[in-house]
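# Structural description and commentary
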Amino acid sequence: MTTIRKLWKENICYKALLLILLLLMLVPYLHQELAPLAKIFLIWGYGYIIYDFVTGRTLWKRRSLFLLLGFCACYAVTIFLNRETAFTTNLKALLYMSMLFILLCGSRRTEQNKETDRGEMLRREITILTRTMLVVTFLLSLVCLMTFLLNLSGQYPLADGSLAYLGMIDGRLWGLYNANTGGALNAISVVTILFALQVQKDTGRAFWKAFYLISLVVHVSCLSLSGSRTALLALLAVLSIAVYLWMPMEHWVKRKRKPGRVRLFLLRVLAAIIIFMAGYAVCALTGALFHAIPRGEVQRITITRENRGENAAETNAQEPADGKNDEGMETGAAGSAGDIIAEAPSENTETEVPSGEITSPVRTDGGVLTGRPILWRAGLQTFEKHPLFGVTREKLVPATVPELSNPAWEPDLTAGGVHNGYLTVLICSGITGTACLLAYVVVNVCNFRKAAAAKKQRKPKKDSIPTLRKGAIALLLLFLIMELMEARVLYQINFFLFLFWLIVGYLTADGEDAYEKSL
C-alpha cells in the first residue's frame, strides 16, 4: 500500500494510465469507444493541479513553465479572434494542452524529496512509464504483424463516414492504424528499447532483457513493412547521431597514446555512416524476407458498425487524415489521432488507391516529397495574411485552401494540414505564440549549457542517469526530425504530444536542477 500511495502521490499512476489510453486510441476502431474516458483524465488532471496549487504549489516553481503558459495564453487570444470556426474544438484542445504542460513540464521535487535520492526517484518513474509504453506498443505491433502473416486486408467505416483500413494496403502494412502512425510508433519504440537495453545491461532482469530483444525484432519488422520513409530515415539519422556523439571510439584505437581529434572525428563519422547504411540495409532485407514468405490468398474482411455521432472525438486525439499519400501528417483538421479517410496510402504513386475507393484528381507536381512543398508554400501565404496571432489549428485548412497553387492537393491539406510541425505552429499561433515557444527553448538550452559546464568540474558518478538522459535526448531528436514532415506534438491531443512533452519535462527538470546545484 505504501508503494501504491507513493506512485499515486507522485502522479505516476496518472501518467501511466493516460499513456495506455492514448496508445489504444491510435486505433481508429477503439478511438471513439475510449474517447469519453479522456474527460475523466481532464477532470483528474485539473483536480490534481488545483490540489497542488492549494497545498504546496510544487508544480508552479519551474520558471520556464510560464513561457509555455504564455504560449497557451496567446493561443487563447487566437481562438477568440477566430471564434467563428470550431470554437469549442479549439477550446477543448487548449484545455488539454495546458493541463499536460503543467503536469509534465511543471513538476519539481519538493522540499521533502530534496533529502532523498533524486536519481532513484527518476529511475523508478522512467522505468515504470518506459515498460508500460513498450508492453502496449509491443502488443499493438504484434497484432499488426499478424495481420501481415495472415494476409488480412480490409476496411471499416468510422462514425464520420470515412474509412479506416486494416492489414496490408497497396503493399504497405497498415495493421491496426495508418502505416505512417505505425512507422512512427515503431521508430520511437526502437530508440527506447536500445537505450533501455543499455540501462538493463548491468542491473536488469533476464526477463526484461529478453522482452526488449523480442520487441526490437517485432518493431523493426513492422517498420520495414510499413514503408514509412519519414520514420525510417528519422530513426537512422538519430542512431547515427547517437553513435557519433556517444560511442566511446577511444577503445577502438589500439595505441598507447590518446588518438588525436582528427582521427577520432573521422572514426565517429565513419561509424555514423556505417550505422546509417547498415540500418537501412537491415530494414530493406527484413521487408524482402517477410514479403518472400508464402501467405496464400488475401483474406478480405469487412467490418460494419453503427454510426454513433454522439461519441465523436472529445479530445481531438485522433487524426482523420492519417496516411495521406506517402506519409500524410497524422493530425488532421478534425484532430483525430488514428482516423483514416479514403485516401491513397501508396508510397510510390500519388494516384494509387485501394480497390473500390474514389480517386482524387491526378497530381503530377508532387515530387519526391509527395506534394509537401506545395502545401508549405500555401501555408506560408496564409501566415503572411495572419502573422500576429495566427488562425488556430481548426481554421488552418479553410484558411489555406484558397492559397493552393494546385487544387488537386486540397484533399491532402484537408486531411493532414501542411505536413510540417514548425510551419503549423507559425500558422496556428502566429508570431506571438511562436516567440513564447522559442523563448522556452532558449531558456532551457542556456540552463543545459550552464549545467554541463558545472558538471565538468565534478567527478561523475557511475549510475544510469546519464544513459537515461541520452535516451531522452535521442527521442527528442527523433521527434524534431519527424516534425519536418509531420505535425503531431501540439494542438491535437494524442500519444505523440503526450510523449514529446513528457520527455521535454524530464530534460528541462534535469537542466534546471543541475543548474541550481551548480550555483
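Each value, and the rule that gives it
Residues numbered from 1 in each chain as written. Predicted model: local features only at pLDDT ≥ 70, side-chain atom pairs only at ≥ 80, totals over all residues. Heavy atoms only, no water. Helix = DSSP H or I, 4+ residues; strand = E, 2+ residues; numbered from the N terminus. Expected span 1.5 Å × (residues − 1). Buried < 20%, exposed > 50% of the residue type's maximum accessible area, 1.4 Å probe, protein only. Patch = residues over 30% accessible without salt bridge, like charges linked within 9 Å, V, L, I, M, F, W, Y side chains within 5 Å. Areas by Shrake-Rupley, 256 points an atom, 1.4 Å probe, with all protein chains shown as cover. Salt bridge = Lys/Arg side-chain N within 4 Å of Asp/Glu carboxyl O. Polar contact = N/O pair within 3.5 Å; in protein donor to acceptor, adjacent residues only side chain to side chain. Contact = heavy atoms within 4.5 Å. Axes fitted to C-alpha atoms, helices over the stretch in contact; angles between N-to-C directions. Parallel < 35°, antiparallel > 145°, perpendicular 65-115°, else oblique. Nonpolar A, V, L, I, M, F, W, Y, C, P; charged D, E, K, R; others polar.

### Concerning helix H9 (residues 229–246)
Compared with the 26 Å implied by 1.5 Å per residue over 18 residues, the 25 Å span of H9 between its first and last C-alpha is a close match. Buried within H9 we find Thr 230, Ala 231, Leu 232, Ala 234, Leu 235, Leu 236, Val 238, Ser 240, Ala 242 and Val 243.

### Regarding a nonpolar patch on the surface
Taken together, the side chains of Leu 142, Met 146, Leu 149, Leu 150 and Ile 293 make up a nonpolar region of the molecular surface, amounting to roughly 370 Å² of accessible area. On the secondary structure map, Leu 142 appears in helix H6 (residues 118–149). Given a relative accessible area of 30%, Leu 142 falls into the partly exposed group.

### Here we look at the side chain of Asn 90
Secondary-structure assignment places Asn 90 in helix H5 (residues 87–105). On the accessibility criterion, Asn 90 (2% relative accessible area) is buried. Here Thr 85 takes part through its backbone oxygen, which lies 3.4 Å from a polar atom of the side chain of Asn 90. Here Glu 394 takes part through its backbone nitrogen, which lies 3.5 Å from a polar atom of the side chain of Asn 90. Setting aside its immediate chain neighbours within four residues, Asn 90 contacts Tyr 75, Ile 79, Thr 85, Thr 392, Arg 393 and Glu 394.

### Description of the packing of helix H8 (residues 206–226) against helix H10 (residues 261–291)
The N-to-C vectors of H8 and H10 enclose an angle of 80 degrees; their axes lie 8 Å apart at closest approach. The angle between H8 and H10 places the two elements in the roughly perpendicular class. Touching Val 220, Ser 221, Ser 224 and Leu 225 of H8 are Cys 283, Thr 286, Gly 287, Phe 290 and His 291, all from H10. For the contact of H8 with H10, a count of residues per class yields four nonpolar, five polar and no charged.

### Brief notes about the pattern of salt bridges
Pairs can form between side chains of opposite charge whenever their charged atoms are close. Scanning all chains against the criterion turns up four salt bridges. A salt bridge links Arg 372 to Glu 486, with the nearest nitrogen and oxygen atoms 3.8 Å apart. One end of the pair, Arg 372, is in helix H11 (residues 372–385); the other, Glu 486, is in the loop between helix H15 (465–482) and helix H16 (495–518), and 114 residues separate them in sequence. Judged by its relative accessible area of 1%, Glu 486 is buried. Notably, a salt bridge pairs Lys 385 with Glu 403, separated by 2.5 Å at the nearest N-O pair. Pair noted here: Lys 385 is in helix H11 and Glu 403 is in the loop between helix H12 (396–400) and helix H13 (410–416), with a separation of 18 residues, a long-range link. The class of Glu 403 is buried, set by a relative accessible area of 14%.

### Re unusual backbone geometry
With a phi close to 75 degrees, Thr 392 is a non-glycine residue in the positive phi region. Here Thr 392 is to be found in the loop between H11 and H12.

These values are about where atoms sit, not about what they do.
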